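Overview (structure and organization)
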Amino acid sequence: MGAPGGERSSRGERPPPARAALLSGLRRHLFASPSSALATLLVGGGLLALLPRAVHWLFTGAVYRADYDACRALAYSAACWGFVAEKHRLILFGRYPYAEQWRPLVATLLVLLTLFVSAHPRAWRRGLLLLWALVLIAFLLFMGGGAAGLSRVEPAEWGGFPLTVILTVVGVAASIPLGIVLALGRRSRLPLARGACTLYIELVRGVPLITVLFVASFVFPLLMPGGLKLDVLTRITLGITLFQAAYMAEVIRGGLQALPRGQFEAAAALGLSSWQTQAKVILPQALVLVIPSLVNSLLSTFMDTSLVTVVSLYDLTGSLRLALGDPRWRNFFLEGYLFVGALYFVCCLAMSRYSQWLERRLGRWIRRPEARPA
Amino acid sequence: MRLTFLSLRTRSGRERLYQLALLGLILLASAFLWHNTRENLAARQIHSGFGFLKQPAGFDIGEGLVPYEPQDSYLWAFAAGIANTVRVALAGIVAATLLGLLVGIGRLSHNLLVRALATAYVEVLRNVPLILQLFAWYMATTELLPEPAHPLELWPHAYLSKGGLQLPVPVFARGFALALYLLPLGLVAACLLVRRARRRREATGRAQRVLLPALLLAVAPSALGWLLGGAPHALDLPEVTAFNVTGGLGITPEFLALFIGLSTFTGAYIAEIVRSGLLAIPHGQTEAALALGLSRAEVLRLVVLPQALRVIVPPLTSQYLNLTKNSSLAVAIGYPDLVAIANTAINQNGQALECILLIMAVYLTVNLLTAAAMGAYNRRVALVER
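The structure presented is a predicted model; accordingly, all values stated were derived computationally and were not measured. (Residues numbered from 1 in each chain as written. Chains lettered and ligands numbered in written order. Predicted model: local features only at pLDDT ≥ 70, side-chain atom pairs only at ≥ 80, totals over all residues.)

1. Some points on the packing of helix α12 (residues 261–269) of chain A against helix α13 (residues 274–289) of chain A
Residue and element names in this part refer to chain A. Keep this limit in mind: Think of each axis as a best-fit line through the C-alpha atoms, taken over the contacting stretch in the case of a helix, with angles from 0 to 180 degrees between the N-to-C directions. The secondary structure listing takes helices from DSSP runs of H or I that are at least 4 residues long and strands from runs of E that are at least 2 residues long, numbered from the N terminus. An angle counts as roughly parallel when it lies under 35 degrees, as roughly antiparallel when it exceeds 145, as roughly perpendicular when it falls between 65 and 115, and as oblique in every other case. A clockwise turn of the near helix away from the far one marks a right-handed crossing, whereas an anticlockwise turn of less than a right angle marks a left-handed crossing. We call two residues in contact when their backbone-placed C-beta atoms lie within 7 Å. Amino acids outside the nonpolar list (Ala, Val, Leu, Ile, Met, Phe, Trp, Tyr, Cys, Pro) and the charged list (Asp, Glu, Lys, Arg) are all regarded as polar, and Gly is one of them.
Orientation of α12 relative to α13, taken along the N-to-C sense of each, is 130°, at an axis distance of 10 Å. In terms of orientation, α12 and α13 fall into the oblique class. Along this stretch, α12 crosses α13, giving a crossing that reads as right-handed. From α12, Gln263, Phe264, Ala267 and Ala268 reach across to α13, where they touch Thr277, Val281 and Ile282. Within the contact of α12 with α13, the residues separate by chemical class into 5 nonpolar, 2 polar and no charged.

2. A look at the sheet that holds strand β1 (residues 152–155) of chain B
All names here are of chain B. Rules: Strand pairing is assigned whenever DSSP detects at least two bridges linking the two strands.
The strand order across the open sheet built from 4 strands is β1-β2-β3-β8, with neighbouring strands paired in antiparallel fashion. Either end of the sheet is taken by a strand with one partner, and the two such strands are β1 and β8 (249–251). Between one strand axis and the next, the sheet turns through 20° on average, direction left out of account. Bridge analysis of β1 against strand β2 (residues 158–161) gives 3 bridges, and the strand direction is antiparallel. Residue pairing in the sheet places Leu152 in a bridge with Leu160 of β2.

3. Comments concerning unusual backbone geometry
With glycine set apart, most residues show a phi of negative sign, and most peptide bonds adopt trans. Basically, it comes down to this: Between the buried cut of 20 or more and the exposed cut of 12 or fewer other C-beta atoms within 10 Å of a residue's own C-beta lies the partly exposed class, and all C-beta atoms are placed from the backbone.
A positive phi angle, near 55°, is found at Ser312 of chain A, a position not held by glycine. Exposure remark for Ser312 of chain A: the 11 C-beta atoms within 10 Å place this residue in the exposed category. Of note in the backbone geometry, His157 of chain B takes a positive phi value of approximately 70° without being a glycine. In this structure, His157 of chain B sits in the loop between β1 and β2.

4. A look at the interface of chain A and chain B
Reports often express the size of an interface as the amount of accessible area lost when the parts come together. Counting from both sides, the interface comprises 43 residues of chain A and, opposite them, 45 residues of chain B. When contributions to the side of chain A that touches chain B are tallied by element, the ones reaching two or more residues are α2 (18–30), α3 (34–60), α9 (191–206), α10 (209–223), α15 (316–324) and α16 (333–367) of chain A. In the side of chain A that touches chain B, the residues fall into 29 nonpolar, 12 polar and 2 charged.

5. Section: helix α7 (residues 211–228) of chain B
All names here are of chain B. Definition in use: A helix is expected to span 1.5 Å multiplied by its residue count minus one. Axes are fitted to the seven residues ending at a residue and to the seven starting at it; the angle between these axes is taken as the bend at that residue.
The terminal C-alpha atoms of α7 lie 26 Å apart, and with 18 residues this matches the ideal 26 Å at 1.5 Å per residue to within 8%. Of all the bends found along α7, the most pronounced is centred on Ala220 and spans about 35°, while Pro221, a proline, follows it within four residues. Every buried residue of α7 is listed here: Leu217, Pro221, Ser222, Gly225 and Trp226. In this structure, the buried residues of α7 make contact with α6 (174–204).

6. A few points about the nonpolar core
Quick note on the threshold: Think of a nonpolar core as buried Ala, Val, Leu, Ile, Met, Phe, Trp, Tyr and Cys residues, each tied to the set through C-beta atoms within 7 Å.
Ranked by size, the top nonpolar core spans 152 residues in total, and within it Leu213 of chain A together with Leu134 and Leu258 of chain B carry the most contacts. Counting residues per element, this core draws most heavily on helix α8 (residues 253–279) of chain B, at 13 residues. In contact with Leu258 of chain B, not counting residues within four places along its chain, are Val88, Leu134, Ser327, Ala330, Ile333 and Tyr335 of chain B.

7. Concerning the packing of α8 of chain B against helix α10 (residues 296–326) of chain B
Residue and element names in this part refer to chain B. The geometry of α8 relative to α10 is characterised by a closest axis approach of 9 Å and an angle of 165° between their N-to-C directions. The angle between the axes of α8 and α10 places the two elements in the roughly antiparallel class. Judged by the sense of rotation from one axis to the other, the crossing of α8 with α10 is right-handed. When α8 is examined against α10, the residues Leu262, Thr266, Tyr269, Ile270, Ile273, Val274, Gly277 and Leu278 are found in contact with a partner set consisting of Ala308, Val311, Ile312, Pro315, Leu316, Gln319, Asn322, Leu323 and Asn326. For the contact of α8 with α10, a count of residues per class yields 12 nonpolar, 5 polar and no charged.

Written out as structure tokens, the structure is:
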């Protein structure tokens, strides 16, 4: 063990006393040079001046009850969380029938729970796919009703957080198989397949999501054979899927490219056909490699779904604007945006931290082949 | 012979067969969609084709650099939209780059507070959807700011209110036109000077300080033109009237919200790119350069920056493209960019297919041009390997 770490303990030095360590730490981190000291004074001064006011505005001085008169009395000197208290059902569930809103709650919790369960690598088995299929069916049943004694609720009335969640989950899940096909096609030896896939990927990546949503909302009805009408939610989900598939294809192609040539050669030496090679050797490894990037795709789709408010679906962002349509509470829009922004922020931060954790953990697998999952 | 050409027994035969099948599938799908579209268009009595572009648009456009009237054609309306997209994208790119540079360096600061502040900025801005931020900025400008009759005076004669920002601008006069015409002359002269200095340095090894002379040379002809034109210096000052602010250069709240939203959001991404670019340069490079006797500024300018730029520029360009694409969210807050104009046109005449094709063509052209420029840059800065 000739590591440098062993040397330090053998010298038997004592750590400096705690107070001295604190002081030297302060000096190193805040007052290392004149310019650093100046920055500390400026930033620290600003924070000291703003922080008490921010705490007062956000928490101590705020009104939490849905009491309009109390909120008016504040005269904007502090936050009126009463707006959120009054409108939280509208913000979270959109225009879903008020009496039935336990259904989207249960459905969303079910999906979130399943996401949570799927997060741990130990849960990555075949059965998980089956579980997801069941959960999605249950989600649609709870939301749409029309069976098992639940009244029918048209997709046009779905809204708020459940809509954001389902657009994200279905958009990403459906774009994975499509992305795999496109990625394999782009690496194919067949010029026609390669050309078609490359054209599709570059075309979609070159235009903003909003144009794809316009296509979904204005052009899809023109493409359908006469009489067949898709409702707006299906069309938008399809649009998001087709858009996300192009990005997913590039993510998966990254994983495919990371595999060494030896894998192909070894598979060929074992006598596997090219389809078998892709399905049994290449894809399973490439997909595990790109799981952290898949989580990032989930994150960006989660944020991108907020664009559907432009094509008149009321997701979390859209239903906040519905709530702000009430002229009585409109002046407390800042509180509304902070609430919804915080909700997005917590979800996104959780996903990005999870993706980083996963990357480290999978990195461990990749460095130690014997610990690779079966 | 014909049989082996498409034979299932040989690999190349199989591949040809697959391709034929794929081609057939694509053609079949296209024909199916084409047929449906024709029927649907006929059922809705929409005349397809780009003929509508010559008809008068009829709607108003709130702002823009292109002079536009409602009786102008659709084509001209689209041109105005493209100009608006370019305007907000260019302004956003400049602001986002400066902001990103500042925050990115802040993320690497030795000072704990500066680092924490920069990190908080990046994390918050990147983890909240852009459209939510745009709505918030838009509502903040239109609700929180004072009425136009009592604007905030940010600077002498620069007013901020619910009506937007009004800035003083110089009144355009002959002197400015002369200065503008003479600007290329100065730029060419400055380039020649810098080039000569570089040649001499490469030939003799003697470096010359040319930055200041080159800058002077670049602006000298313009300054001369301005003086010859009578040195115009009249300013168009905004005035506060009983109801609003008039005169000067007006910037609408829509532009302001979109510009602030886009540049702060993209700035957070650029900060991360700058940070990783600077971290990618091993510290040994700095130490070696210092050991050679270069000053701190020279180390940054001659050693660290050129290498960091090689890492930074490709993702930076894709952020610029993202910003340009994200400017299409203008439609949500009513800034008349290309997509917003197309949206209005679709709602008016129902020619969705043509309008969307136009939008896509514009964005794809921008993408292709950027990709070409990027490729040229990459070839120039690529590491020359042995």
